[in-house]
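Survey of secondary and tertiary structure
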Amino acid sequence: MLPHPLRFWQGLVQTKTIVRNFNTFKMGSVVDLFQGVSIWWMLALVTISTLITMVVFHKVHSLVIKFWWTPLKLRKTMEQQGWKGPKFSIFVGNILEIFKFRKGELSKDLGIRNFDIMSRVYPQYVLFSKKYGNKVFYNVGSDLIIIVTNPSLVKEILLDVGTYQKARPSIFVLSALVGKSLLTMNGEEWVNHRQVFTPTFRVEVLKGLVNKITKSVTLRLDIWEEKIQDAGGLMELEVRYDISIITMEVISHMLFSNSDQKTKQLFIQLKALFGIVNQAITNPFFIIPEYSILPTMNNRKIVNLKQEVDKTIKQIIEIRHTQARANKTSYGDDLLGLMLKNMDGEKVGNMIKCQLSIQDIFNECKAFFLGGFETTSTFIAWTMLLLAEYPEWQEHACKEILEVCGPNIEMDTSKLNQMKNVGMILNEVHRLFTILPRMLRVATKDTKLGDIFVPKGLILEIPTFQIHQNPTLWGEDVMEFNPNRFAKGISKACQDPQGFIPFSFGPRYCIGQNLAMLQSKLIVAKVLSRFQFSVSPNYIQNPQYLATLTPKFGVQLHVKKLPPSTS
Ligand code: HEM
């Protein structure tokens, strides 16, 4: 009964008589299990269990680093420079309180002339800047985000695309829609892709689209006219949907030269994908990138829809390939033709370094299709709403269009440029309903921004919406719809040239800016030259920031034909 450690010197397994009585840790059954097992098996088991332990330890370690240590370190660095922000919860950061606040704001009624919608569109700014001042940060998941409102710092960020790259949270939402594309890429990959597409979006090239857009709009407006006649002279119309058909036809033309059954099918599938992502975004957890791997209903729907979209694009590409081979012709001069030539290694313009893969083509088709119709159609819908709400501006614009284009309303790019009032109205709509209310960038290395030390991994948020509504930059009437502020150009309307950036600024400015402005002017001018409209009592003002700043329930207007003397 005396303590005698030496009895174990041969090890537990060898000391059989002792083992039978060694029940202190209920080891008997375990030891029985190993009886007769060779030393090599034992070694293998030990090695495997060590490896599993190491992998688990590594995972736990990297999770701790990612979700706890890194955000804490970043916060400390910013706090030392006088930045402040709310406490954050591990994994979710501050998103639950942002969503709760936003939900409360969304339930409030809004008048159409009430442009004070910052707390709906950009709740994090209102929620945290009131409490912590203008040097404020917050967390989305493990990402620490600072809000940069000073236009000269914004300029510095947007100009330096090497140091400040597209950041994860925004990339994530976009990736769910378009995968890796011009919208989401960074570095050399982005430079190469941008070079391929830039020439197609130059003003001189886009001039050739005026006829196509005019044809598309005229066709749709003829349908409106028929419907109005059938309805006895006045009809209610949800304009956003109709406008999106026109912008879809235009982008189809740019991408695929035509809009046949397949491209229409693609449009329907992409609309569905966009709808489901918009729905998914209302779940606070969706903006945490890790959430996407969970097999939730929406995530599975997104994956399935993406597969369907890819299948349709593949069929469109195959048809183009077969036709080009059968007719021994080139792939064509639209964007798809340009990409296919590039994929075959054909020299396109001065572009030789980048060779697009088939997956690149899938993704770019989606990116242009979505970037091309959703943003522009939503913007035009907001413009029509404000023109309906402010009939005096509708009249100004209509008079100008008739003066510039004559009674037959013939339009070309030079005439569009002469429409000063229309241009001012569009700028004011961009300011009040900024379609992409914020931009996100991540610092890829430790750097200095003005006198701020920016550590690697910090995310910088550019709140375009807030900048467009800053009274210091725009004056006391900032919350009013007043296109006149742009009468003497942007530089006289705003204190700072970087205070007006609806299409961003610097090397990554919107590649579709010229196209969007051309389409918007043309569509608005064509509509105003034939119709008069007012807001329907069925319209509910409910702007929401989903993937873009959207009128949640569409835009319902009462539309009637202009009397013959004016049209
Ligand atoms: C009213 C309409 C539009 C608005 C307000 C708008 C706004 C913007 C903004 C703000 C960005 C920069 C986003 C960021 O850097 O985080 C951007 C980028 C982009 N836009 Fe647009 N856009 C519009 C129409 C279009 C159209 C018609 C197309 C294509 C046909 C398009 C394609 C793109 C692409 C591909 C990028 C990424 C450019 C790059 O990073 O190199 N956009 N847009």
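Below or above, wherever it landed, is the structure these notes cover. Computed from a prediction, not measured in an experiment: that's the story for all the values here.

This part is about the environment of Leu183. Secondary-structure assignment places Leu183 in the loop between helix 8 (168–178) and helix 9 (187–197). The class for Leu183 is buried, based on 25 C-beta atoms found within 10 Å. Separated by 180 residues in the primary sequence, Leu183 and Asn363 have C-alpha atoms spaced 9.7 Å apart.

The environment of the ligand is formed by 23 residues, the closest being Gly371, Gly372, Cys510, Gly512 and Ala516. In terms of residues, the shell around the ligand owes the most to one element, helix 16 (residues 358–389), which gives seven residues.

This brings us to helix 3 (residues 39–79). For helix 3, spanning 41 residues, the distance from its first C-alpha to its last is 57 Å, which sits close to the expected 60 Å at 1.5 Å a residue. Taken as a whole, helix 3 carries its principal kink of about 40° at Ile65. Within helix 3, only four of the 41 residues are buried, which leaves the element largely exposed. All of the buried residues in helix 3 are Phe67, Pro71, Leu74 and Met78. Tucked into the core, helix 3 has its buried residues touching strand 1 (137–140) and strand 2 (143–147).

Our next topic: helix 17 (residues 391–405). Over its 15 residues, helix 17 runs 21 Å from end to end, which matches the ideal 21 Å to within 8%, given 1.5 Å per residue. Restricting attention to buried positions, one finds in helix 17 the residues Trp393, Gln394, His396, Ala397, Cys398, Ile401 and Val404. Each element contacted by the buried residues of helix 17 is listed here: helix 16, helix 18 (413–418), helix 19 (420–432) and helix 23 (513–530). Downstream of helix 17 by a residue or two, Gly406 has a phi angle that is positive, lying close to 75°.

In this fold, Thr312 is placed in helix 14 (residues 297–326). Assessed through the 19 C-beta atoms surrounding it within 10 Å, Thr312 is described here as partly exposed. On a C-alpha basis, the gap between Thr312 and Lys262 in space is 7.0 Å, while along the polypeptide they are 50 residues apart. Setting aside anything within four residues of it in sequence, one finds Thr312 in contact with Lys262, Gln265, Leu266 and Gln269.

The biggest cluster of nonpolar side chains holds 132 residues, and the ones touching the most others in it are Leu255, Phe369, Met384 and Leu460. No other element matches the 17 residues that helix 16 contributes to this core. Sequence-distant contacts of Phe369, that is, excluding residues within four places in its chain, are made with Ile251, Leu255, Leu266 and Leu270.

About the cut-offs
- Residues numbered from 1 in each chain as written.
- Predicted model: local features only at pLDDT ≥ 70, side-chain atom pairs only at ≥ 80, totals over all residues.
- Helix = DSSP H or I, 4+ residues; strand = E, 2+ residues; numbered from the N terminus.
- Buried ≥ 20, exposed ≤ 12 C-beta atoms within 10 Å, placed from the backbone.
- Near = placed C-beta within 6 Å.
- Expected span 1.5 Å × (residues − 1).
- Bend = angle between axes of the 7 residues up to and from the residue.
- Contact = placed C-beta atoms within 7 Å.
- Core = buried A, V, L, I, M, F, W, Y, C linked by C-beta atoms within 7 Å.

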